[in-house]
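# Summary of structural features
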Amino acid sequence: MTIDSRFQPVAKLFFEQGSALPGGSSLAIFQDGKPVLNIWQGEGNAGKPWDANTTSVIFSCTKGLASILAHRLIQEGRLDLEQKVSFYWPEFAQGGKQDIPVKWLLQHKAGLSATRKNLSIDEITDGHTIEDELAAQEPLWEPGTAHGYHALTFGTLVGKLVHNITGMTLGKYFDQLIAQPLSVDAWIGLPKDNFKNLAPLITDGKRTPTVAEPNTDAYWLSRAMTFGGALDHRVESFETGFNNPKLLTAELPGAGGVSNAFALAKIYSAAATVTDGIRLLEDETLRAATAPQSTGPLKFESQTGPFPVLGNGFMLDVPGFKGMLGKHSFGHDGLGGQNAFGDFEHRIGFAYTTNYLQSGAEEQLRQQQLIQTLKEILI
């Protein structure tokens, strides 16, 4: 473990949180390209203590990794936010989508937060059916007029652009550009020989199924999380949830990444500042990526605020709700309490992962308390 004395208050809080809950968790912070905190606690795989090699499902933190890849292509001039999606993906022009620009995919404004067709586990893991359905269908709302959280489809949409530009799937491009050069345990498509370090998901049991009339707001919200039946509210299920190995070996870059805090913090550090000789994104790229693009009420959701704020792909700082360090922070949280972000003003990479998934008002409380403690140290 690594605990720089300056960050001892964050470590103290982390261990206090963990002592009161089942499962395990990991926390890491990089500053100026160096690890200043790398700690873990609790139970990992097969009843063994969580250790430096333990990994877990990171859910929507995977979207942040996909966004790093998209902005790398933008930085290299290979992807243009203003260009039509159909320029890179001709089949996408079906269903009246021929004029949707790339930026609306990253801003959750494309009207494609769910598939209209019910899909099975086999279909969502075959590497093409989700793409085919999204390319063929009409949007669920007029694109560009509203934003709605593309919980599982975001990764597929961005991943198809990555594939058509690079010739590699998003998971393979991630491995080549980021995971291997940084020597980190992070995958979008977990190799079968790496399941030995995977901590199985457990939950507080408070998530409930959605029963809704077709074409209502609740109906489309539910489909955004389930593909109409392939998955359900039991996210810890070994059949219809993310303990199913089939979901994790497939590439589901909206939610299926596997990693730990050290790896994620190092990746965001390399996005924000030079880390092990690697700088993934330039400050100019990050300034454009972190310009607020989507906020206010989300399509299909009944909310009074506060609301998340999204840039192009990344979640941004919303103090007291989706807090990070400030306007130069960029990242993404994940179901059950995960979070990972970078900050190019403070040259920070931060990540918290856990296999014990909470729900409701407390879902993101642990990582938000840790970030607030970090903020008090730095600012």
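Structure's up top.
In this report, we go over the structure that sits alongside the text. For clarity, every value in this text was computed on a predicted model and none was experimentally measured.

The subject of this paragraph is the overall build of the chain. The number of helices and strands found in the chain is 13 helices and 10 strands. A compact globule built from 379 residues should have a C-alpha radius of gyration of about 21 Å, and the chain, at 19 Å, falls within 12% of that. Its C-alpha atoms give the chain principal-axis dimensions of about 55 × 45 × 45 Å. Here the chain, with 379 residues, has 59% of them falling under the buried criterion. Surface accessibility of the chain: about 14700 Å² in total, with carbon and sulfur atoms responsible for 50%. Computed over 31 positive and 40 negative side-chain charges, the inter-centroid distance for the chain is 2 Å.

Backbone torsion omega between Gly-305 and Pro-306 reads 0°, so that peptide bond is classified as cis. Tracing the sequence through the fold places Pro-306 in the loop between helix 12 (283-289) and strand 7 (329-334). For Phe-300, which is not glycine, the phi torsion reads 80° and is therefore positive. Inspection of the secondary structure puts Phe-300 in the loop between helix 12 and strand 7. A relative accessible area of 11% means that Phe-300 is categorised as buried.

A few words now on helix 11 (residues 261-272). Given a rise of 1.5 Å per residue, 12 residues ought to cover 16 Å, and the 16 Å separating the end C-alpha atoms of helix 11 matches this to within 8%. Among the 12 residues in helix 11, 11 count as buried, and that is most of the element. Of all the residues in helix 11, the buried ones are Ala-261, Ala-263, Leu-264, Ala-265, Lys-266, Ile-267, Tyr-268, Ser-269, Ala-270, Ala-271 and Ala-272.

On to the packing of helix 2 (residues 61-75) against helix 8 (residues 170-182). Packing of helix 2 against helix 8 leaves a shortest axis separation of 11 Å and a crossing angle of 75°. Taken together, the axis directions place helix 2 and helix 8 in an arrangement best described as roughly perpendicular. In this structure, helix 2 uses Leu-65, Ala-66, Ile-68, Leu-69, Arg-72 and Leu-73 to contact helix 8, whose residues at the interface are Leu-170, Tyr-173, Phe-174, Leu-177 and Ile-178. In the contact of helix 2 with helix 8, the residues fall into 10 nonpolar, no polar and one charged.

Looking now at a nonpolar patch on the surface. Together, Met-1, Ile-3 and Phe-15 give the surface a local cluster of nonpolar side chains, amounting to about 270 Å² of exposed area. By the secondary structure assignment, Ile-3 is in strand 1 (residues 2-3). On the basis of relative accessibility, which here comes to 36%, the residue Ile-3 falls in the partly exposed class.

On to the nonpolar core, then. Among the nonpolar cores identified, the biggest contains 86 residues, and Ile-68, Ile-124, Phe-174, Ile-178, Leu-231, Phe-242 and Ile-267 are the most heavily contacted of them. Counting residues per element, this core draws most heavily on helix 11, at nine residues. In this structure, Ile-124 is in contact with Leu-119, Ile-130, Phe-227, Ala-230, Leu-231, Leu-247 and Leu-252, ignoring residues within four places of it in sequence. Counting residues in each nonpolar core, the second largest holds 22 residues, with Val-10, Phe-14, Leu-325 and Leu-374 among its members.

The six strands are arranged 1-3-2-9-8-7 in an open sheet whose pairing can be described as antiparallel. Looking at the sheet topology across the chains shown, the edges are occupied by strand 1 and strand 7. By the bridge criterion, two bridges tie strand 1 to strand 3 (residues 34-42) in an arrangement that is antiparallel. When the sheet's bridge partners are listed, Thr-2 is paired in strand 3 with Asn-38.

Let's shift gears to the environment of His-163. Structurally, His-163 is set in helix 7 (residues 153-166). Taking the C-alpha atoms as reference points, His-163 and Ala-361, 198 residues apart in sequence, are found 37 Å from one another. If near-sequence neighbours (up to four positions away) are discounted, His-163 is found in contact with Met-168 and Thr-169.

Before going further, it helps to examine the packing of aromatic side chains. A complete count under the given rule lists 12 aromatic pairs for this structure. The interplanar angle of 70° and the centroid separation of 5.3 Å between the aromatic rings of Phe-59 and Phe-242 together place this pair among those described as edge-to-face. One end of the pair, Phe-59, is in strand 4 (residues 56-59); the other, Phe-242, is in the loop between helix 9 (217-226) and helix 10 (245-249), and 183 residues separate them in sequence. Judged by relative accessible area, Phe-59 falls into the buried class, the value being 3%.

Cut-offs and rules
Residue indices begin from 1 for each chain and proceed along its sequence in written order. Only residues with pLDDT of 70 or above have their local features reported here, since the model is predicted, and side-chain atom pairs are shown and tallied only from 80 upward, although totals for entire chains, interfaces and linings are computed over all residues. As a convention, hydrogens and water are excluded, and side-chain values are obtained from all of the structure's heavy atoms. Each helix corresponds to a stretch of at least 4 residues labelled H or I by DSSP, and each strand to a stretch of at least 2 residues labelled E; elements are numbered beginning at the N terminus. Atoms considered for the radius of gyration are the C-alpha atoms alone. The globule rule reads 2.2 Å times the number of residues to the power 0.38. The buried label goes to any residue with under 20% of its type's maximum accessible area, the exposed label to any with over 50%, and the partly exposed label to all in between, with areas taken from a 1.4 Å probe on protein chains only. Where accessible areas are quoted, they stem from the Shrake-Rupley method and a 1.4 Å probe; at the residue level, only the protein chains shown are allowed to cover. When charges are counted, Lys and Arg are positive and Asp and Glu negative, with His and the chain ends excluded. Charge positions come from single atoms, namely NZ of Lys, CZ of Arg, CG of Asp or CD of Glu. Working rule for helices: expected span equals 1.5 Å times residues minus one. The axes are straight lines fitted to the C-alpha atoms, using for helices just the contacting stretch, and the angles between their N-to-C directions are given from 0 to 180°. Should an angle fall under 35 degrees it is called roughly parallel, over 145 degrees roughly antiparallel, and 65 to 115 degrees roughly perpendicular, with every other angle called oblique. The contact criterion used is simple: two residues touch if any of their non-hydrogen atoms lie within 4.5 Å. Here the term charged refers only to Asp, Glu, Lys and Arg, the term nonpolar to Ala, Val, Leu, Ile, Met, Phe, Trp, Tyr, Cys and Pro, and the term polar to all other amino acids, Gly among them. In this scheme, patches are assembled from residues that exceed 30% relative accessible area and form no salt bridge. Like charges are connected within 9 Å, while nonpolar side chains (Val, Leu, Ile, Met, Phe, Trp, Tyr) are connected within 5 Å. The salt bridge definition used is simple: a Lys or Arg side-chain nitrogen within 4 Å of an Asp or Glu carboxyl oxygen. Joining through side-chain atoms within 4.5 Å is the link that ties buried Ala, Val, Leu, Ile, Met, Phe, Trp, Tyr and Cys residues into a set, and such a set is a nonpolar core. Two strands pair if DSSP finds at least two bridges between them. When the centres of two rings from Phe, Tyr and Trp lie within 6.5 Å, Trp using its six-membered ring, the rings pair. Their planes under 30 degrees apart give stacked, over 60 give edge-to-face, and anything left gives tilted.

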